[in-house]
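Chains, contacts and geometry: an overview
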Amino acid sequence: MNKSYYIETYGCQMNVADSELVSGLLSQDGYDETKDINRADIILVNTCAIREHAEDKVHSRLGFYNQFKQKNPSTIIGVLGCMAQNLKEDILESKPYVDIILGPDSYRRLPTMIRDRSSEKSHLVDTKLSKFELYDNMFPSRNTGINAWISIMRGCDKFCTFCIVPFTRGRERSRSIEGIISEANQAVSDGFLEITLLGQNVNSYNHAGRGFHELLDEVAQIPGIKRIRYTSPHPQDMTRKVLKVMAKHDTICNYVHLPLQAGNDRVLKRMNRTYTKSRFISLVNQIRDLLPNVGLSTDIIVGFPGESEEEFKETLDVMETVRFDSAYTFKYSSRPGTKAAEYADHVTKEEKQDRLERVIKAQKQHTLIQNQKLVGAVEIVLVEKESKRSVEHWAGRTDSNKWVIFEKEDTQIRDLVPVQIKHAKGITLRGDIVSIQQMEAVK
Ligand code: SAH
Ligand code: SF4
Ligand code: F3S
């Protein structure tokens, strides 16, 4: 019988994609994936180091995995990803039961390491970062039948002062357009309807002088592709050319994630974000001009070292001016090794909590206002899953990336259906499927 592995994934979509690569590697090497940790010969965790909280979660999971090893000492435990990169020494010292530690550029070595580990006593570690590893020509074992994640570039050279990613994932490098197109073609012929292009800095993609807009244009021409998304872009690299390509192709979703982080120029400068408040706002205006009804989301950090109350209020100002459709909001978390970790005057815990609550409250209002604008409109929704609340309802996304709940009627998962939005409550939209004729009438 083949040995089986169990893999748990934390962190961003790039980690989800990486876990699929790892699964692909292991299944090629004769291992079977199990969803039941009790039956696993190998337990892997793909980790994230972006905030302290993310690391704490993994530390407690490691303790939990160790219980399986105590029952069955031949179990192999492997820590993969950004935390492996970042906390190698700490793990080696305090978690002797961890067998394998592999950073994000070393996954090709995993099958060999698992074999070697069975005969050796010491830990096996490889956290060397590579300037070249792009995991081209690999066969990821993908998870769902709707969306295929495709990494188009790895690493990040932006060095925002709060962020650990440039240290955990190393230098920026891009795959060839040909490699990406061939993977996307494969995904479409495997039945995937949606492709999401991934990179920590996805729009600074550059291969042999060809930029993100060219890649996007080519992916959009793949026959049979229904939807294309991408994440995460950086405002600095959001060009008119990219927006024009988005406007040109219906298959590219009308949605942009544009991380603001903070609204005050002094804070933005200390974050090394490379744009100002007014530049950000004019970029939003440009996006909305070129892409009417675009869905806009953002990331916001509150309590960056030295952020005063007045400066924080400018974040609320920008939110009010822009009115994002949704936002991921975070309390600043100091990451040892980053520049901001050396900055003095950290904002107190209580202050951070208070600011977080204020941005969440503002965002809830904005989400509702933005969603209410859609009431009455007919949106094309991709049926993705059953609603959590009722077996009679589907949940699907509009191309502007909003979730809509509606009665199933005769439709199936994977259908693209016209749904008339009936009401917006909290952050959820509800609607009803309409016929093509009804859809024309609304237009
Ligand atoms: N590369 C992407 C996002 C990377 S991480 C980008 O530049 O947009 C996702 C989000 O985590 C960031 O946008 C930021 O808002 C948040 N983040 C990163 N480091 C953080 C830290 N040290 N503390 C709190 N939030 C952080
Ligand atoms: Fe981190 Fe900034 Fe790079 Fe995003 S762009 S991954 S926030 S350093
Ligand atoms: Fe986390 Fe690494 Fe992604 S730190 S957010 S898993 S790139």
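Residues numbered from 1 in each chain as written. Chains lettered and ligands numbered in written order. Predicted model: local features only at pLDDT ≥ 70, side-chain atom pairs only at ≥ 80, totals over all residues. Heavy atoms only, no water.

Observations concerning the pattern of salt bridges
- A full pass over the atoms with the stated rule returns 37 salt bridges.
- Between Arg335 and Glu55 there is a salt bridge, with its nearest N and O atoms 3.1 Å apart. You can see Arg335 sitting in the loop between strand S16 (326-331) and helix H13 (349-372) and its partner Glu55 sitting in helix H2 (residues 52-71), a full 280 residues away along the chain.
- Glu55 gets classed as buried once you look at its relative accessible area, which sits at 8%.
- Two residues, Asp126 and Lys128, come together in a salt bridge whose shortest N-O distance is 3.9 Å.
- With a relative accessible area of 8%, Asp126 lands in the buried category.
- Three or more residues joined by partner-sharing salt bridges are found here, namely Asp18, Asp105, Arg154, Arg169 and Arg173. (Salt bridge = Lys/Arg side-chain N within 4 Å of Asp/Glu carboxyl O. Helix = DSSP H or I, 4+ residues; strand = E, 2+ residues; numbered from the N terminus. Buried < 20%, exposed > 50% of the residue type's maximum accessible area, 1.4 Å probe, protein only.)

Concerning the sheet that holds strand S1 (residues 4-9)
- Pairing in this open sheet of 6 strands is parallel, and the strands run S2-S1-S3-S4-S5-S6 from one edge to the other. Of all strands in the sheet, those bounded by a partner on one side alone are strand S2 (32-33) and strand S6 (124-126).
- Across 5 bridges, S1 lies against strand S3 (residues 42-47) in parallel orientation. Within S3, the residue paired with Ile7 across the bridge is Leu44.
- With respect to the sheet, helix H1 (residues 13-28) is in contact with S1, S2, S3 and strand S4 (76-81), its orientation differing from that of S1 by roughly 170 degrees.
- On the sheet, helix H5 (residues 110-117) packs against S3, S4, strand S5 (100-102) and S6 and is oriented at approximately 165 degrees with respect to S5. (Pairing = 2+ DSSP bridges. Contact = heavy atoms within 4.5 Å. Axes fitted to C-alpha atoms, helices over the stretch in contact; angles between N-to-C directions.)

A closer look at the nonpolar core
- Counting 66 residues, the largest nonpolar core has Leu197, Phe212, Leu216, Tyr230 and Val256 as the members making the most contacts within it.
- A per-element tally of this core places helix H7 (residues 177-189) first, with 6 residues.
- What Val256 contacts, discounting residues up to four positions off in sequence, is Tyr230, Met238, Met246, Ile287, Leu291, Val294, Gly295, Leu296 and Ser297.
- One finds Tyr6, Val58, Ile91 and Ile101 within the second-largest nonpolar core, a separate group that totals 24 residues. (Core = buried A, V, L, I, M, F, W, Y, C linked by side-chain atoms within 4.5 Å.)

Here's the deal with a negative patch on the surface
- Where like charges cluster on the molecular surface, the negative patch consists of Glu392, Glu407, Glu409, Asp410 and Asp432.
- As for its position among the elements, Asp410 is in the loop between strand S19 (403-407) and strand S20 (416-425). (Patch = residues over 30% accessible without salt bridge, like charges linked within 9 Å, V, L, I, M, F, W, Y side chains within 5 Å. Areas by Shrake-Rupley, 256 points an atom, 1.4 Å probe, with all protein chains shown as cover. Lys, Arg positive; Asp, Glu negative; His and termini not counted. Charge placed at Lys NZ, Arg CZ, Asp CG, Glu CD.)

Topic: the pairing of strand S17 (residues 378-386)
- Bridge analysis of S17 against S20 gives 5 bridges, and the strand direction is antiparallel. When the bridges of S20 are listed, Val381 appears paired with Val417.
- Both S17 and strand S18 (residues 393-397) contribute to a ladder of 4 bridges, which runs antiparallel. Residue pairing across strands places Glu386 opposite Trp394, the latter belonging to S18.
- Counted along the chain from S17 to the antiparallel partner S18, the turn is 6 residues long.

Things to note about the site of ligand 3
- For ligand 3, the full set of nearby residues is Cys12, Asn15, Thr47, Cys48, Ala49, Ile50, Cys82, Val165, Arg169 and Gln200.
- Split into classes, the residues belonging to the shell around ligand 3 amount to 6 nonpolar, 3 polar and 1 charged. (Near = heavy atom within 4 Å. Nonpolar A, V, L, I, M, F, W, Y, C, P; charged D, E, K, R; others polar.)

Considerations on helix H11 (residues 277-290)
- The first and last C-alpha atoms of H11 sit 20 Å apart over 14 residues, in line with the 20 Å expected at 1.5 Å per residue.
- When H11 is considered as a whole, its buried residues turn out to be Phe280, Ile281, Leu283, Val284 and Ile287. The arc that holds every buried residue of H11, seen down its axis, measures 155 degrees, which confines them to one face. Looking at H11, the residues exposed on the side facing more than 90 degrees away from the buried face are Ser278 and Asp289.
- The secondary structure elements touched by the buried residues of H11 are helix H9 (240-248), strand S14 (255-257), strand S15 (295-302) and helix H12 (309-322). (Expected span 1.5 Å × (residues − 1). Arc of directions from axis to C-beta.)

So, the side chain of Arg397
- Its place among the elements puts Arg397 in strand S18.
- Under the relative-accessibility criterion, Arg397 is labelled buried at 14%.
- A distance of 3.0 Å separates a polar atom in the side chain of Arg397 from a polar atom in the side chain of Glu384.
- A polar contact of 2.8 Å, which involves the side chain of Arg397, links it to the side chain of Asn401.
- Once residues lying within four places of it in the same chain are set aside, the contact partners of Arg397 are Glu194, Arg227, Arg229, Ile380, Val381, Leu382, Glu384, Lys402 and Trp403. (Polar contact = N/O pair within 3.5 Å; in protein donor to acceptor, adjacent residues only side chain to side chain.)

Brief notes about the site of ligand 1
- Close contacts around ligand 1 come from 15 residues, with Phe162, Gln200, Gln261, Asp299 and Ser333 the closest.
- Take Arg51: an N or O atom from its side chain is 3.0 Å from an oxygen atom of ligand 1.
- Interatomic distance of 2.5 Å between a backbone N/O atom of Gln200 and a nitrogen atom of ligand 1.
- In the complex, 91% of the free accessible area of ligand 1, which totals 540 Å², lies under the protein chains.
- For the shell around ligand 1, the elements supplying multiple residues, two or more each, are S15 and S16.
- For the shell around ligand 1, the per-class residue count stands at 6 nonpolar, 4 polar and 5 charged.

Quick word on the packing of aromatic side chains
- Under the criterion given, the structure shown has 10 aromatic pairs.
- When the centroid spacing of 5.7 Å and the interplanar angle of 40 degrees are considered together, the rings of Tyr275 and Phe280 count as tilted.
- Residue classification places Tyr275 among the buried residues on the basis of a relative accessible area of 6%.
- With a relative accessible area of 0%, Phe280 lands in the buried category.
- Put simply, the rings of Phe162, Phe304, Tyr332 and Tyr343 touch in pairs and so form one group of aromatic residues.
- Above the ring of Tyr343, the side-chain terminus of Arg270 is found at 4.6 Å from the ring centroid.
- The ring centre of Trp394 lies 4.4 Å from the NZ or CZ of Lys408, which sits over that ring. (Phe/Tyr/Trp six-rings, centres within 6.5 Å; stacked < 30°, edge-to-face > 60°. Lys NZ or Arg CZ within 6 Å of the ring centre and 35° of its normal.)

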